[in-house]
Amino acid sequence: MSLAGKRVLLIVSGGIAAYKALELVRLLRREGCGVTCVMTPAAAEFVTPLSLQALSENRVYHELFSLTDESEMGHIQLSRAADLVVVAPASADILARMAGGHASDLATTLLLATDKRVLVAPSMNVRMWEHDATRANMATLASRGVAVVGPDEGAMACNEYGFGRLAEPPMILAAIRALLDGPQPLAGRHALVTSGPTHEPIDPVRYIANRSSGRQGHAIAAALARLGARVTLVSGPVAIPDPAGVLVIQVETGRQMLAACQQALPADIAVFAAAVADWRTDMAPLKLKKAPGAPPPGLSLVANPDILATISQGAGRPALVVGFAAETNDVLANAQAKLARKGCDWIVANDVGEGSDVMGGTENAVQLVTAAGVETWPRLPKDAVAARLADRIADQIRGALS
Ligand code: CTP
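Residues numbered from 1 in each chain as written. Predicted model: local features only at pLDDT ≥ 70, side-chain atom pairs only at ≥ 80, totals over all residues. Heavy atoms only, no water.

**Things to note about the sheet that holds strand E13 (residues 247-250)**
Which entries qualify depends on this criterion: Here, a strand pair is defined by DSSP locating no fewer than two bridges between the strands. Think of it this way: any DSSP run of H or I at least four residues long counts as a helix, any run of E at least two long counts as a strand, and we number them from the N terminus. Convention adopted: a line fitted to C-alpha atoms gives each axis, helices being fitted over their contacting stretch, and angles between N-to-C directions are expressed from 0 to 180 degrees.
Taken in spatial order, the eight strands line up as E13-E12-E9-E14-E17-E18-E20-E21 in an open sheet, and their pairing is mixed. Of all the strands in the sheet, the pair left with one neighbour each is E13 and strand E21 (373-376). Within the sheet, the average angular offset between the axes of one strand and its neighbour, ignoring direction, is 15°. Sheet analysis places strand E9 (residues 190-195) next to strand E14 (residues 269-272), joined by four bridges and oriented parallel. Bridge pairing in E14 places valine 193 opposite valine 271.

**Remarks on the site of the ligand**
For the record, the criterion: Any residue with a heavy atom positioned within 4 Å of a molecule or strand is treated as near that molecule or strand. Within 3.5 Å is the distance limit for a polar contact, defined as a pair of N or O atoms, with the added protein rule that one can donate a hydrogen and the other accept it, and that residues adjacent in sequence qualify only through two side-chain atoms. For the accessible areas, the method is Shrake-Rupley and the probe is 1.4 Å, while residue cover comes only from the protein chains on display. Three categories are distinguished: nonpolar for Ala, Val, Leu, Ile, Met, Phe, Trp, Tyr, Cys and Pro, charged for Asp, Glu, Lys and Arg, and polar for the others, with Gly belonging to the last.
In the vicinity of the ligand, 14 residues are found, and the nearest of them are Phe272, Ala274, Asp278, Phe324 and Lys342. At a separation of 3.0 Å, a nitrogen atom of the ligand approaches a polar backbone atom of isoleucine 307. In the model, an oxygen atom of the ligand is placed 2.8 Å from a nitrogen or oxygen of the lysine 338 side chain. Out of a free accessible area of 560 Å², the ligand has 80% covered by protein chains. Of all the secondary structure elements, the ones that give two or more residues to the shell around the ligand are helix H11 (307-313), strand E17 (320-327) and helix H12 (331-342). When residues of the shell around the ligand are assigned to their parent elements, the largest contribution, four residues, is made by E17. When its residues are assigned to classes, the shell around the ligand shows nine nonpolar, one polar and four charged.

**Some thoughts on the packing of aromatic side chains**
Stated precisely, the cut-off is as follows: Working definition: a ring pair exists when centres of Phe, Tyr or Trp rings (six-membered ring for Trp) sit within 6.5 Å. Plane angles under 30 degrees give stacked, over 60 give edge-to-face, the rest tilted. Counted as over-ring charges are cases with an Arg CZ or a Lys NZ within 6 Å of the ring centre that also lie within 35 degrees of the ring normal.
Within this structure, the stated rule accounts for zero aromatic pairs. Above the plane of the ring of tryptophan 377 lies arginine 388, whose end atom (NZ or CZ) is 4.7 Å from the centre. The residue whose ring lies beneath arginine 392 is tryptophan 346, and the NZ or CZ to ring-centre distance is 5.2 Å.

**Describing the environment of alanine 82**
Note the cut-off: Any two residues whose heavy atoms approach within 4.5 Å at even a single point are treated as in contact.
Mapping alanine 82 onto the fold places it in the loop between helix H3 (75-80) and strand E4 (84-90). Counting along the chain gives 239 residues from alanine 82 to valine 321, while the straight-line C-alpha distance between them is 37 Å. If we skip the residues at most four places from it in the chain, alanine 82 touches Arg7, Val8, Leu9 and Lys116.

**Digging into the sheet that holds E4**
The strand order E3-E2-E1-E4-E5-E6 describes an open sheet built from six strands, whose pairing is parallel. Looking at the sheet topology across the chains shown, the edges are occupied by strand E3 (60-61) and strand E6 (147-148). Bridge count between E4 and strand E5 (residues 117-122): five bridges; the pairing is parallel. Bridging across to E5, valine 87 finds its partner in valine 120.

**Quick word on the pattern of salt bridges**
The condition that has to hold: Here, a salt bridge means any Lys or Arg side-chain nitrogen found within 4 Å of an Asp or Glu carboxyl oxygen. Relative accessibility thresholds used throughout: buried, under 20% of the residue-type maximum; exposed, over 50%; partly exposed, between the two (1.4 Å probe, protein chains only).
Within the structure shown, the criterion is met by 18 salt bridges. Linking arginine 317 and aspartate 345 is a salt bridge whose minimum nitrogen-to-oxygen distance equals 3.1 Å. With arginine 317 in the loop between H11 and E17 and aspartate 345 in the loop between H12 and strand E18 (346-351), the pair connects residues that are 28 residues apart, well separated along the chain. Overall, arginine 317 belongs to the partly exposed group, its relative accessible area being 29%. Judged by relative accessible area, aspartate 345 falls into the partly exposed class, the value being 26%. Between arginine 392 and glutamate 375 there is a salt bridge, with its nearest N and O atoms 2.5 Å apart. Taken as a pair, arginine 392 in helix H13 (residues 382-401) and glutamate 375 in strand E21 lie far apart in primary sequence, 17 residues in all.

**Looking at helix H8 (residues 169-180)**
Keep this limit in mind: Here a helix's expected span is defined as the number of its residues, less one, multiplied by 1.5 Å. Note: the arc covers the axis-to-C-beta directions of the helix.
Across its twelve residues, H8 extends 16 Å between first and last C-alpha, which sits within 8% of the 16 Å expected from 1.5 Å per residue. Along H8, the residues classified as buried are Pro169, Ile172, Leu173, Ala175, Ile176, Leu179 and Leu180. Axial view of H8: buried residues confined to an arc of 160°, hence all on one face. Along its buried surface, H8 packs onto strand E1 (7-12), helix H1 (19-30), E4, E5 and E6.

So, in structure tokens, the structure goes:
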């Protein structure tokens, strides 16, 4: 796939990673992609306009008033002349200003005026990335359809380690290619995905949980977003980063997960990959204590709502509802029974028996159970299972809703 003839407006914001923008420009030019660069004032402290100009073979814009001259291209025109607007690196500050709708310099003015898709490649210190303010800003941007690549995990210039490193230029290039050239069969569709375990409190310090890592559900959310869907991911407590370009709603319990799913409707597609606890107990208001010689407390369990069945059988049912079946035995028979009992369209069945290393692991071997039959897929990384499932969903949706 070549980017020849495409045009990217590249906004470079301040930060130590700004030097990687030079490599990105070089990669884009090598593919024949036209690049116009805009720098924030802070970016000019890290790389020179001259370097970007030489590599892009184009004029570099870096001050708001440089566009006031009648002979210059106006803001609106500059923001719309490209096929895609890319912000790389995107500092915490520019992401906050984008989320707030500011137009305080040339870069943010263009971002507010553009009618093109926007891709951001965040880059900042791990604590800034994990700060609630940044998370809220990213959720706002995702809900507006802004695509995200990275950040990566690794050592940082500030001697800390974690998520916050700018994605490597080849990864940013791949994300640009996917947005400009990649098929977007799910554009205009809304997908709801659940992921991770739920935590059902026993008392203020203890809870019932399971081994789900959220990897498979998160990968499905990312794969659907890559195909152009607007994705709402309702996630239980997990220790993995939010997938790119997805609105993430964090919950703890099964009942909260159901409420968040119902609130996210309407959706065209729903994929229920979460390992929802089947039972909960009434939470003791105070920590349960061991009285000397007393027997352990009995837990009386009550059933949690079944989210998949509720949404499959409720009003406003998505056109395609996909459930999972995590089984340790009789995988196919159990999956087929679940398909009928829950009222969903497909079940992705997987063997989570001892030694399968699926729950909490990075690979999955699944069987897709539909009314038409059973497909057995090879054991694949969870990302690849997600990509394949997203492609199948796109094919199905094209047929069902066209
Ligand atoms: N599921 C759900 N809400 C629940 C339980 C399960 O939405 N309270 C969904 C899961 O996300 C999955 C499917 O139902 O898509 C099957 O989950 P699984 O745990 O395999 O089956 P259960 O319905 O819990 O049945 P069992 O535990 O008896 O196998």
